[in-house]
Amino acid sequence: MTYELENLITDCRDALSEGQSTEALEKVCDAMRKILQNPAFVEQHFGKHLEVGRTTLYHDPDLDFYVYAHIPDGAILSAPHDHASAWAAYGQAVDNTQMTDWVIPAGEELPKPVKTYSMTPGTAGFYNVGDLHSIDMPATSRFLRITATDIDVLPCQYFDAVDTRKSIAEHLA
Ligand SMILES: [Fe+2]
């Protein structure tokens, strides 16, 4: 049976209704990997025929999580950032995203990269509350994202003083 949006929603609700633990977020990512194997879903929500922008595919009225389809308006290179009090899970739908994990060393103010990896179609991963990450993606990248709540209204912390690519090249090359 094909894994559809309804299945994703049900599995996310089941996982998150027990609490927003690491195990629950792993289950959310498992569900994302499953739906990204559905070519009709990928075409419907990430196909070349679609306009750029972010589409809300679902918002849960009880648990408050959001499911978004992102079609970026051009390439994106972000500074290291968190999502304040929210977690966020990313699932790659089309092309790739260079993801990097960051930590602030003890006694320092700016984060340093600790791991960088390419997310390819069908892969998914999450950033828990406070986890710092940056994204670097071409204009052709398209991704599914599930967030704990509406993160647009949260005081997310961006470290704009960091040159993302330069710092990654310096520390992880
Ligand atoms: Fe993020």
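This is a predicted model, so every value here is computed, not measured.

Asks: Looking at this model, I keep getting lost on the overall build of the chain. Mind explaining?
Replies: When its secondary structure is counted, the chain shows four helices and nine strands. Helices (α) and strands (β) of the chain occur, in sequence order from the N terminus, as α-α-α-β-β-β-β-β-β-β-β-β-α. Computed over the C-alpha atoms, the radius of gyration of the chain is 16 Å, within 12% of the 16 Å expected from 2.2 N^0.38 for a compact globule of 173 residues. Viewed in the frame of its principal axes, the chain has a C-alpha envelope of about 50 × 35 × 25 Å. Across the 173 residues that make up the chain, the buried fraction comes to 34%. Expressed as a percentage of contacts within the chain between residues at least 6 apart in sequence, the contacts between residues at least 24 apart total 77%.

Asks: I tried to follow the pairing of strand β4 (residues 88-94) on my own but got confused; where do I start?
Replies: When a strand is regular, its side chains alternate between the sheet's two faces. Judged by how many residues are buried, β4 sits mostly within the fold: six of seven residues are covered. Where β4 and strand β9 (residues 142-147) come together, six bridges link them in antiparallel fashion. When the sheet's bridge partners are listed, Gly91 is paired in β9 with Leu144.

Asks: How do you make sense of the pairing of strand β8 (residues 132-137) when you look at a structure like this?
Replies: A large share of β8 lies buried, amounting to five of its six residues. In terms of strand pairing, strand β3 (residues 76-77) meets β8 through two bridges, oriented antiparallel. From the neighbouring strand, Leu77 faces β8, where its bridge partner is Asp136. Relative to β8, strand β5 (residues 97-103) is paired through five bridges, and the arrangement is antiparallel. Counterpart to Trp102 in the pairing with β8 is Leu132.

Asks: Honestly, the nonpolar core in this entry has me stumped. Any pointers?
Replies: Across soluble globular proteins, nonpolar side chains show a tendency to be buried alongside one another. Ranked by size, the top nonpolar core spans 34 residues in total, and within it Cys12, Val28, Met32, Trp87, Ala89 and Ile146 carry the most contacts. Elements that contribute at least two residues to this core include exactly α1 (5-16), α2 (22-35), α3 (39-46), β2 (66-71), β4, β7 (124-127), β8 and β9. When residues in this core are grouped by element, the largest group, five residues, is from α2.

Rules and cut-offs
- Residues numbered from 1 in each chain as written.
- Predicted model: local features only at pLDDT ≥ 70, side-chain atom pairs only at ≥ 80, totals over all residues.
- Helix = DSSP H or I, 4+ residues; strand = E, 2+ residues; numbered from the N terminus.
- Rg over C-alpha atoms; globule rule 2.2 N^0.38 Å.
- Buried ≥ 20, exposed ≤ 12 C-beta atoms within 10 Å, placed from the backbone.
- Contact = placed C-beta atoms within 7 Å.
- Pairing = 2+ DSSP bridges.
- Core = buried A, V, L, I, M, F, W, Y, C linked by C-beta atoms within 7 Å.

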